[in-house]
Amino acid sequence: MTCRRLGAILDLGMKRAARRITVPQPTRSRSRWAIVTGAVALASCTLFVDTSQLGGEAPGIDGGPVLPAESGAEAGADVAAPDVVSPAECEGAAASSTECLAKRFPTDDLIMWLRADDGVETTADGHVTVWRDALPKLRPGTVGNDAKQSNSAAQPLRVTDAAGATVAFAADDVLELPPGFNDFSAGLSYFVAVWPQLDGKGTAGPILALGRPPVQDECARLSELTIDEYSLDYRAETDVVFAAGVSDGRGWDVFSAVHEGWKGQAKCPAATTATLRVGDAVAKTGPARTLTKGVRTEGRIGRSWYYPEDFFNGKIGEILVYRRALEDAEAVQVARYLMARWPRP
């Protein structure tokens, strides 16, 4: 039975609403990343079932009002959901649209989504000036967390090869994130698809860093994801959780870090838990202090906040950041989405 036929059967007589069923220190490397070939594989069948006749609500992808930037709302905050896209509308070339890709993984509390194949603005010679957040396409009215660089000496390159469009970083390349990322009391989840260029020590450097807000308490103010000596490191201030021997630099790696939130405490506890995944499998779980509240003004892609002399060396295909700790099944779903989009050659 075809996807379209099965979707038609499930959708029969259900017109009111639809909901989708979802199942220590880096070393700088100065060599420019070589273009490497790969391939992109996309699945294309998504089924919907109506819940309105079962007494449930029929929400969109995310609820909540559209908040203006001057209101103090965090960029990427949930706003009114877009219209539901039917399975038939996500076939062929449309399968790679933001709306269709978003049906392959949870989008609740997603606050930044950077796709190297969409939203990257460059100079005439391919240097990246802006990497636009895809969320405004998914949620009209959202203020996106665009990554920018006006300094030509620090701009990464956008390269296109058999794997599609990617953003390639080398020493001194960095994209700056806007102020925000201020409330991770419900936790934090990073997901990245990267092809690291490892140096002789197995280090590619920091992928993503969210700098310290001006709040002094028992919580961690810093959050950072790094590839160091063949391992994946997640840093929350001085707490570091690392999974050893996870990257060989020979293809696309999908990494994630899911950091638990406050769990209802009146103030920051001494430690919670961070879970690192390589692909869809748990690689390491360890203690990491809860993140403090407060606007972060020094978020970066490709450069460490903790060790500002360290830069990422390699290619980045996609980044997703959530303002909560995703459940295990959700984290696996996001990881498998990225693994399908960025397969190892």
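Above this note sits the structure.
Predicted, not measured: the structure shown is a model, and the values here were computed from it.

**Student:** Outline the nonpolar core, supporting the account with residue identities and numerical values.
**Tutor:** Counting 43 residues, the largest nonpolar core has Trp131, Tyr190, Tyr234, Ile301, Ile316 and Ile319 as the members making the most contacts within it. Sequence-distant contacts of Ile301, defined by excluding residues within four places in its chain, comprise Leu114, Ala147, Phe169, Val174, Leu175, Leu177, Ile207, Leu208, Ile316 and Ile319.

**Student:** So what about the state of the cysteines? Which residues, and what values?
**Tutor:** As used here, a disulfide is simply a covalent bond connecting the sulfur atoms of two cysteines. Counted by the stated rule, this structure contains one disulfide. Disulfide partner of Cys90: Cys100, at an S-S distance of 2.1 Å. What sets the handedness of the Cys90 and Cys100 disulfide is the S-S torsion sign, and at about -90° it is left-handed. Within this pair, whereas Cys90 is found in the loop between β2 (48–49) and α2 (98–101), its partner Cys100 is found in helix α2, the two being separated by 10 residues in sequence. Here Cys90 and Cys100 have matching classes, each one buried.

**Student:** Describe the environment of Ala288, listing the residues and the values that go with them.
**Tutor:** Considering the arrangement of structural elements, one finds Ala288 in strand β17 (residues 281–288). For the pair Ala288 and His259, spaced 29 residues apart in sequence, the C-alpha separation works out to 7.6 Å. With near-sequence residues (within four places) excluded, Ala288 lies in contact with Ala236, Asp239, Val241, His259, Ala271, Thr272, Thr273 and Ala274.

**Student:** How would you explain the pattern of salt bridges if you had to name every residue and give the values?
**Tutor:** A complete count under the given rule lists 16 salt bridges for this structure. For Asp117, the salt bridge goes to Arg341, with nearest N and O atoms at 3.1 Å. On the criterion of sequence distance, the pair formed by Asp117 in the loop between β3 (110–115) and β4 (120–122) and Arg341 in helix α4 (residues 328–341) is long-range, its members being 224 residues apart. A relative accessible area of 28% places Asp117 in the partly exposed class. We note a salt bridge from Asp248 to Arg344, for which the minimum N-O separation is 2.8 Å. Of this pair, Asp248 sits in the loop between β14 (239–243) and β15 (253–259) while Arg344 sits in the segment after α4, placing them 96 residues apart in sequence. Here Arg344 falls in the partly exposed class, since its relative accessible area comes to 40%.

**Student:** Talk me through the pairing of strand β11 (residues 205–210); I want residue IDs and the actual numbers.
**Tutor:** For β11, a buried count of six out of six residues is recorded, marking the element as mostly surrounded by other parts of the structure. Relative to strand β18 (residues 300–301), β11 is paired through two bridges, and the arrangement is antiparallel. Of the residues in β18, the one forming a bridge with Ala209 is Arg300.

Cut-offs applied
Residues numbered from 1 in each chain as written. Predicted model: local features only at pLDDT ≥ 70, side-chain atom pairs only at ≥ 80, totals over all residues. Heavy atoms only, no water. Core = buried A, V, L, I, M, F, W, Y, C linked by side-chain atoms within 4.5 Å. Buried < 20%, exposed > 50% of the residue type's maximum accessible area, 1.4 Å probe, protein only. Contact = heavy atoms within 4.5 Å. Disulfide = S-S within 2.5 Å. Helix = DSSP H or I, 4+ residues; strand = E, 2+ residues; numbered from the N terminus. Salt bridge = Lys/Arg side-chain N within 4 Å of Asp/Glu carboxyl O. Pairing = 2+ DSSP bridges.

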